[in-house]
Amino acid sequence: MTEKYTMPDNRGHFGPYGGMFVAETLIPALQELNDAYQHYLEDPDFIAELDADLQYYVGRPSPLYHAERWSKALGGAQIYLKREDLNHTGSHKINNTVGQALLAKRMGKTRIIAETGAGQHGVATATVAARLGLECVVYMGAVDVARQSLNVYRMKLLGATVVAVESGSKTLKDALNEALRDWVTNVDNTFYIIGTVAGPHPYPAMVRDFQAIIGRETKQQCYAATGRLPDALVACVGGGSNAIGLFYPFIDDASVKMIGVEAAGDGVLTGRHSAPLCAGRPGVLHGNRTYLMADDDGEIIETHSISAGLDYPGVGPEHAWLKDIGRAHYVNITDEEALTGFYALTRMEGIIPALESSHAMAYTMKLAPTMKQDETIIINLSGRGDKDMQTMAKREGIEL
Amino acid sequence: MSRLANTFEHLAKTGRKALIPFVTAGDPTPEFTVPLMHAMVEAGVDIIELGVPFSDPMADGPVIQRASERALAHKMSLKRTLVIATEFRKTNQHTPIVLMGYLNPIEAMGYEAFANAVQCAEVDGILTVDLPPEEGQQCRELLQARGIDSIFLLAPNSSEARIQKMSALGSGYIYYVSLKGVTGAGHIDITDVENKLNLIRANTTLPIAIGFGVKDAVTAKLISALGDGVVVGSALINKIEANLTDAERAKNEICECLVAMRTAMDERS
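Here we summarise the structure given alongside this text. These figures come from a predicted structure and were not determined experimentally.

Residue and element names in this part refer to chain A. In spatial order, the strands read S3-S4-S14-S9-S10-S13; together these 6 strands make up an open sheet with mixed pairing. Edge strands, defined here as strands with exactly one partner in the open sheet, are strand S3 (64–66) and strand S13 (329–334). On average, each strand axis in the sheet is inclined to that of its neighbour by 30°, with strand direction left out of account. Alignment of strand S9 (residues 232–236) against strand S10 (residues 257–265), held across 5 bridges, turns out to be parallel. Bridged to Leu233 within S10 is Met258. Along the sheet face, helix H10 (residues 213–226) touches S3, strand S4 (78–83) and strand S14 (376–381) and points at about 140° away from the line of S4.

Written out as structure tokens, the structure is:
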């Protein structure tokens, strides 16, 4: 790549994607947020406070772990895991919520709202709200409330109100709709912490910037461990925040392959999946233009994935752009394949990954054997699997 | 002159305000909508906002969300909404129709095909909730070239600069969202609306229709005194929801409600 990557433009466009497609009441709120974000991004006090929180509260830097036994078993590239599962609250989501909560505090907002799918972002939001003493309301699809009850309990313990959303498909997209409705109603005192790199500008860029700590650390750690850049980066993609966090600092390093793994559910050909980049088309939802799962009339299609965190019909607009320009590649992994990845990491390395991250593991099992032993793959292990114990036990016919 | 401009000019001459019902196309069934539109005209409405059902109506409250869900269950779509508009136009040449909905169905159809289809159906204006003017230039120009008005929203927190922008880019009328919230919310504040309307008036010559939270004849009268028109949606759709097995009764109750609003709005105070 000859020119430095500078996306998005000042109105949040990544080529034809991104933007600010919202109802009028939210326009002033998004402008206020963008102004605050641009200001504090350059503010040394803000950056110092954020860095301290990431170190002492989140527990950063997270290790880059060489999965030697698994690499050997697969017989190809050396596999390294970026251990975001070791963060406080158990996933990469906290990197972003810590940042946005600090912004909320500086903007004088007293109330925090969030949407959540698997509950990881909800927990990470409830956590920072508790720490700052802010009121917190988390919207979660009723289907997800049922399948991620452990995280619902955690959020409640942390003092958050969890609202089960009964409209539409009762999953992540409906939680986002409901959070937007709350924001439009309570826009004066409320800060909406979006958990992924979707939504209207400035969220896709802002969440990316807060998550880019993952890639910045990885680059240094990879040099320290191998003396050079990695050959491939692999991350699961729902909305795409963990993937963009890993990819972003490597975008100008043309030799580094970037692979995003979408959820194929029962298989892309069955229509029961959550893979808009692989099998969707461009459209507008939740404030931005991106690849979506929609029918010929533009109505959003219900999605499916074993992992609640990937069960979303859209994807961050920057991924749409990286796909179109060919800088990143997007593949898909079925529920069944994801389980293979889940068991492999659990048994080979003694690390139980989240079902979301298991999609990246499963793809790596296909990729690693095709690469040389002196090549390096880095997988973003975006979250730990504790929250999925009920889902897994149920699949195995075990009552906990 | 466009049908919308004509309507507002005529109303202004007779000292009346526009009564603008919002109904979702195809709610509760596709067959219900055209007869309902004609009945509403009989009841005294001036303009009809026809909602295009969408799977993810982010700016709408639960009542209009459920209306969308009922319509979508009958495979209602943007295309079929345009068929309804065409059907209505066959026997009514004077009542303006404004399509109100979300952007993605328009994206799926393609902007140019959409503009052509809207022209063909003799629809008069387009209000796309999640298409602010910054993102909507292409769509607006295609519509403008075909004589179709682009109607923009203003909100209680819209700045003066924003008001000027909407005034410059919009046509037909400006839709003032009377409260911070979703459609059908219950916390409209007449004094707030009045103050904001003064600011908007100072910055535009376009007619101003006021909506969100208009529940009954009393609020309709109060609100209409402040602007040039009143939009009522959820209060009407409630009547559909209460009479899902009796379409005729739903239609009659909607018309009774509109007649009461019309009468209250036309009273000299």
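Back to the write-up after that little detour.
Counted by the stated rule, this structure contains 50 salt bridges over all chains. Where Lys387(A) meets Glu356(A), a salt bridge forms, and the shortest distance between an N and an O atom there is 2.8 Å. Residue Lys387(A) is found in the loop between S14 and helix H16 (389–395), and its partner Glu356(A) is found in helix H15 (residues 355–367); the two are separated by 31 residues along the sequence. Each member of the pair, Lys387(A) as well as Glu356(A), carries the same accessibility label: buried. In this structure, the salt-bridge partner of Glu253(B) is Arg249(B), at a minimum N-O distance of 3.2 Å.

Before going further, it helps to examine the interface of chain B and chain A. Taken together, the contact between chain B and chain A spans 37 residues of the former and 35 residues of the latter. Taking both sides of the interface into account, the surface hidden between chain B and chain A amounts to around 2,800 Å²; carbon and sulfur atoms contribute 48%. For the interface between chain B and chain A, the tally reads 4 salt bridges. As a salt-bridge pair, Lys173(A) and Asp56(B) come within 2.8 Å of each other at their nearest N and O atoms. Elements represented by at least two residues in the side of chain B that touches chain A include exactly helix H3 (62–73), helix H5 (103–109), strand S6 (153–154) and helix H8 (160–169) of chain B. With 5 residues, H5(B) is the single largest residue contributor to the side of chain B that touches chain A.

To continue, consider unusual backbone geometry. With omega at 0°, the peptide bond leading from Met7(A) into Pro8(A) counts as cis. With respect to the secondary-structure elements, Pro8(A) resides in the segment before strand S1 (13–14). Between Arg60(A) and the following residue, Pro61(A), the backbone shows a cis peptide bond with an omega angle of 0°. Here Pro61(A) shows up in the loop between helix H2 (44–58) and S3. For Thr89(A), which is not glycine, the phi dihedral falls at a positive 75°. One non-glycine residue with positive phi stands out, namely Glu122(B), at about 55°. Among the secondary structure elements, Glu122(B) is positioned in the loop between helix H6 (111–120) and strand S4 (125–128).

Turning next to the side chain of Glu356(A). Judged by its relative accessible area of 8%, Glu356(A) falls in the buried class. Of note is the side chain of Glu356(A), whose polar atom sits 2.8 Å from the backbone nitrogen of Gly309(A).

Okay, helix H5 (residues 120–132) of chain A next. All names here are of chain A. For H5, spanning 13 residues, the distance from its first C-alpha to its last is 19 Å, which sits close to the expected 18 Å at 1.5 Å a residue. Here H5 has its buried residues at Gln120, His121, Gly122, Val123, Ala124, Thr125, Ala126, Thr127, Val128 and Ala129. In the core, the buried residues of H5 are packed alongside H2, helix H4 (93–106), strand S5 (111–116), strand S6 (135–141) and helix H7 (149–157).

According to the stated counting rule, one finds 11 aromatic pairs over all chains in the structure shown. Relative to Tyr343(A), the ring of Phe342(A) lies with its centre 5.5 Å away and its plane at 85°, an arrangement referred to as edge-to-face. Tyr343(A) sits in the partly exposed class, given a relative accessible area of 26%. Relative to Tyr102(B), the ring of Phe54(B) lies with its centre 5.6 Å away and its plane at 25°, an arrangement referred to as stacked. Here Tyr102(B) lies in the loop between strand S3 (97–101) and H5 and Phe54(B) lies in the loop between strand S2 (48–51) and H3, a separation of 48 residues in the sequence.

Residues and elements named next belong to chain A. Considering the arrangement of structural elements, one finds Met365 in helix H15. Distance in space between the C-alpha atoms of Met365 and Gly76 is 9.5 Å, their sequence separation being 289 residues. Non-local contacts of Met365, meaning those with residues more than four positions away in its chain, are made with Trp70, Leu74, Thr340, Gly341 and Ala344.

Conventions we followed
Residues numbered from 1 in each chain as written. Chains lettered and ligands numbered in written order. Predicted model: local features only at pLDDT ≥ 70, side-chain atom pairs only at ≥ 80, totals over all residues. Heavy atoms only, no water. Pairing = 2+ DSSP bridges. Helix = DSSP H or I, 4+ residues; strand = E, 2+ residues; numbered from the N terminus. Axes fitted to C-alpha atoms, helices over the stretch in contact; angles between N-to-C directions. Contact = heavy atoms within 4.5 Å. Salt bridge = Lys/Arg side-chain N within 4 Å of Asp/Glu carboxyl O. Buried < 20%, exposed > 50% of the residue type's maximum accessible area, 1.4 Å probe, protein only. Buried area = accessible area lost by both parts, 1.4 Å probe. Polar contact = N/O pair within 3.5 Å; in protein donor to acceptor, adjacent residues only side chain to side chain. Expected span 1.5 Å × (residues − 1). Phe/Tyr/Trp six-rings, centres within 6.5 Å; stacked < 30°, edge-to-face > 60°.

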